[in-house]
Each structure stands twice: as structure tokens, then as C-alpha cells.
Amino acid sequence: MITTTLGASGPAIGAIGLGCMGMTHGYDPRGRDDDVSVAVIHQALDLGVTLLDTADVYGPYTNEELVGRALADRRERAVLATKVGLVGDPSHPMGRRNDGRPEHVRASVDASLRRLGTDHVDLYQLHRVDPATPLEETWGAMAEAVAAGKARAIGLSEVSVEEIRRAQAIHPVASVQSELSLWTREALAEVVPYCEANGIAFLAYSPLGRGFLTGRFSSPDDIAEGDWRRGNPRFQAEAMAANRAITEAAGRVAERHGATPGQVALAWTRAQSGTVVPIPGTKTPRYLVENAEAADLVLTEADLAELDAVPAPVGERY
Ligand SMILES: NC(=O)c1ccc[n+]([C@@H]2O[C@H](COP(=O)([O-])OP(=O)(O)OC[C@H]3O[C@@H](n4cnc5c(N)ncnc54)[C@H](OP(=O)(O)O)[C@@H]3O)[C@@H](O)[C@H]2O)c1
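The protein chain appears in an unreviewed UniProt entry as Aryl-alcohol dehydrogenase-like predicted oxidoreductase from Streptomonospora nanhaiensis.

Laid out in C-alpha cells, this is it:
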């Protein structure tokens, strides 16, 4: 796996990371198999996929516990990223609310470290800005975690350039994590260029369009009962039929390279800026290998032009 760095001054990481969310949260609840997921995390490290992304709200808590179990005897081989700022609602599997209060951050970092079985994370991210708490207060508490040696660096998720600037005034922003893929391009307008200009890593989440861009799902019937995507606007029958045009374009480009549509989707995110690191999620050994191999796929100008000409997606992303 070719390597890059986490932003201009962060640690070396594989050019493609691994999102661990779907191993215990959100997708395909009957497909959960913790032993296989632990093996996938080990395989990722062996392949050079060193950036691992999780969050306390995934599960809640089960995802960090799983990642902690996987890293028990190899913590130093991973660049470990988790998140704070969303709190699960026990009455609803995907229900959640914001909590950016400093006291919540202070308690949460210790709880995350306990579940992850480590004395520090490499990246501690604010999952969402809490509208009820000034960002400066939340970010200040996260900066305390750096000063205490509990986090090597801190990052943001789903923020505007204005919010990045406000945080930077208090403590350096190491990374911004937002959705970026062939069918979700909003971050390219301002946030990605700002990150590139300021040495901030941009972690592209859901780079495979939650799996749709691999061509794996063609109708809602392909999605398991209890899977969050069943309620997602882009995974409704009419939207899926229309959005197939995007996957088909990726498929045409893929054919020219002897690649898969998913690999093209990942290569496209990396082609947008040298600061972009996609974090595709998988709990499936063969998908992990396929995604890791996408690091070697370089798209041509003609490929990128063809992928930029795809229609806008049908359906909101949430
Ligand atoms: N900051 C945020 O608010 C936020 C929001 C969402 C996600 N994230 C992060 O981003 C990570 C990735 O996002 P995501 O999981 O939502 O979406 P994604 O990476 O776009 O897609 C994941 C889905 O694609 C499937 N898949 C992966 N590789 C495949 C391949 N090569 N061929 C066929 N199918 C493949 C996975 O299947 P299997 O799981 O069955 O293998 C899973 O269903 C998450 O794990 C999480 O860490 C962050």
C-alpha cells in the first residue's frame, strides 16, 4: 500500500483507510460477526491499511470495543481515530443527539480509551458541532485531551470552512471528515480546497456511497431487514433506478482499467486532492483487499471527465 501522511504534519498512514462503523452499527445487523471483523482489522494492518476510524456512538460503544479487541496485541501498528459529540438514543437504534459540552468531552475521552484498550488515540474527532454549545468550548476540551497525552491530534467532522477557522484559532485542526464520493460532492466546493491549502487531512467518509457505488445493490430488496439504508432516500426504489447511471459510469471506467466500480469510486476521491484519504467501510475480507488495491489505480483525465459528467444523484444523502 502506498503511504501518505495524515495532513501536512501527521503520522504516515496507508493512502486508503478502514471505516469500522458497519462492523457493529448501521448496516446489515444479521451480518455482524465480530471474529471475522477482528480478522479484517488484522488483515487491514497487514495490507498497510493503517488508519482505522470508529466512534463512541457506533453501537453505541460496541464498535470501539471491537476495535480495542482487534488491537489488543498490535495497538502500535494502527493510526487510531475515534469520535465524540453524538450520543445514542436507546429507544432507537440509529437515534442520536448532539452533546458537545466540555464535561461530556472530558468524560468521553476516558471512556473511549478504556473501550479501545489504549492510553491514547492518534486522532480524536468531533463527530458533529453541537448547536447548543459554542464550538470553542467543545474544541477547548478536546485540546485538553491533547495536552494530557490522551490524543495525539484532534479533528472535525461535517463542518464549514468558517467552523474550521474558529477551531484553528484555538488549537490546530489535524483533519476534517465529511462525506465525499461520486454521488456526494459538496465538500469539493470549499472544504477540500481549504484543507489542502492548510495542511489538514480530509477523510472522505462513505466513499463507496454506502456500498451503492460498488454496483452491489440494485433494489431495496437487496438490503437486509433492520439495515439503516432501507430508510435512506437514495436507497428507495425509484432513486436507486435513477442513481444506477452513476454506478454504470464507474463501471465503464473500471472496465478500461481491469478494475471494479468500487475501486474507481475510491480512486476518484483520491484524485480530487492529495489531502483526501478515503475510509471505505467493510467487514468482508475480499472487499478489504479490493479496496486496498484501489490505492494503485490512477485515473486519466478522460476518466475523470467522464466521472464528472454523471447526473446529480436522486435523493438526499440523509
Ligand atoms: N463522520 C461521519 O459522520 C460518518 C458517517 C458515516 C460513516 N463514517 C465513517 O466512514 C466509514 C465508511 O462509510 P460507510 O461505511 O458509511 O460507507 P462506504 O464505505 O461507502 O460503504 C460501506 C458499504 O459498502 C460495502 N462494501 C465495501 N467495500 C466493498 C466492495 N469492495 N464491494 C462491494 N461492497 C463493498 C460494505 O459492505 P460490508 O460491510 O458488508 O463488507 C458496506 O455495506 C464508516 O465505517 C465510518 O467510519 C463517518
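Having seen it, we continue.
Caption draft 1: Fine view of the overall build of the protein chain. Along the protein chain, the regular secondary structure elements total 10 helices and 12 strands. Since a compact globule built from 318 residues should have a radius of gyration of about 20 Å, the 18 Å found for the protein chain is in line with a globular shape. Its C-alpha atoms give the protein chain principal-axis dimensions of roughly 50 × 40 × 40 Å. Evaluated residue by residue, the protein chain yields a buried proportion of 48% over its 318 residues. Contacts in the protein chain between residues far apart in sequence, at least 24 positions, make up 76% of those at least 6 positions apart.

Caption draft 2: Local environment of helix H3 (residues 102-116). Between its terminal C-alpha atoms H3 stretches 21 Å, which fits the 21 Å expected from 15 residues at 1.5 Å a residue. Residues of H3 that are buried: Val105, Ser108, Val109, Ser112, Leu113, Arg115 and Leu116. End-on view of H3: buried residues confined to an arc of 160°, all on one side of the axis. Set apart from the buried face of H3 by more than 90 degrees, the exposed residues are Glu103, Asp110 and Arg114. Looking at the buried positions of H3, the neighbouring elements they touch are helix H2 (62-71), strand E5 (79-84), strand E8 (123-126) and helix H4 (135-147). Phi turns positive, to about 65°, at Gly117, one or two residues after H3.

Caption draft 3: Spatial organisation of the sheet that holds E5. Spatially, E3-E4-E5-E8-E9-E10-E11-E12 is the arrangement adopted by the eight strands of the open sheet, whose pairing is parallel. In this open sheet, the two edge strands, each paired with only one partner strand, are strand E3 (18-19) and strand E12 (276-278). Across four bridges, E5 lies against E8 in parallel orientation. Each residue of the ladder has a partner; that of Ala81, found in E8, is Leu123.

Caption draft 4: Representation of the site of the ligand within the structure. What surrounds the ligand is a group of 31 residues, the closest being Gly19, Met21, Leu208, Gly211 and Gly281. The element contributing the most residues to the shell around the ligand is helix H9 (residues 285-293), with three residues. In terms of residue class, the shell around the ligand is made up of nine nonpolar, 15 polar and seven charged.

Caption draft 5: Spotlight on the nonpolar core. Counting residues in each nonpolar core, the largest one holds 92 residues, and the members touching the most others are Leu52, Tyr124, Val176, Phe202, Ala250 and Val277. Counting residues per element, this core draws most heavily on helix H7 (residues 237-257), at six residues. Here Tyr124 is in contact with Thr82, Val84, Val109, Met142, Ala145, Ala151 and Ile154, once residues within four sequence places are set aside.

Caption draft 6: Molecular detail of the packing of helix H1 (residues 34-47) against H2. At a minimum axis distance of 9 Å, the contact between H1 and H2 shows a crossing angle of 55°. By the angle between their directions, the pair H1 and H2 is classed as oblique. Considering how the two elements wind past one another, H1 and H2 form a crossing that is right-handed. For the pair H1 and H2, contact is made by Asp34, Ser37, Val38, Ile41 and His42 and by Leu66, Val67, Arg69 and Ala70, respectively. Partitioned by chemical class, the residues of the contact of H1 with H2 number five nonpolar, two polar and two charged.

Caption draft 7: Representation of the pairing of E5 in the model. Within E5, six of the six residues are buried, leaving the element largely enclosed by the surrounding structure. Here E5 shows a buried face lined by Val79, Ala81 and Lys83 and a second buried face lined by Leu80, Thr82 and Val84. Strand direction decides the pairing type here: strand E4 (residues 51-53) and E5, joined by three bridges, are parallel. When the sheet's bridge partners are listed, Leu51 is paired in E5 with Val79. Handedness of the β-α-β unit built from E4, H2 and E5 comes out right-handed.

Rules used throughout
Residues numbered from 1 in each chain as written. Predicted model: local features only at pLDDT ≥ 70, side-chain atom pairs only at ≥ 80, totals over all residues. Helix = DSSP H or I, 4+ residues; strand = E, 2+ residues; numbered from the N terminus. Rg over C-alpha atoms; globule rule 2.2 N^0.38 Å. Buried ≥ 20, exposed ≤ 12 C-beta atoms within 10 Å, placed from the backbone. Contact = placed C-beta atoms within 7 Å. Expected span 1.5 Å × (residues − 1). Arc of directions from axis to C-beta. Pairing = 2+ DSSP bridges. Near = placed C-beta within 6 Å. Nonpolar A, V, L, I, M, F, W, Y, C, P; charged D, E, K, R; others polar. Core = buried A, V, L, I, M, F, W, Y, C linked by C-beta atoms within 7 Å. Axes fitted to C-alpha atoms, helices over the stretch in contact; angles between N-to-C directions. Parallel < 35°, antiparallel > 145°, perpendicular 65-115°, else oblique. Left-handed = near helix turned anticlockwise from the far one by under 90°. Right-handed = clockwise from strand over helix to strand, strands pointing away.

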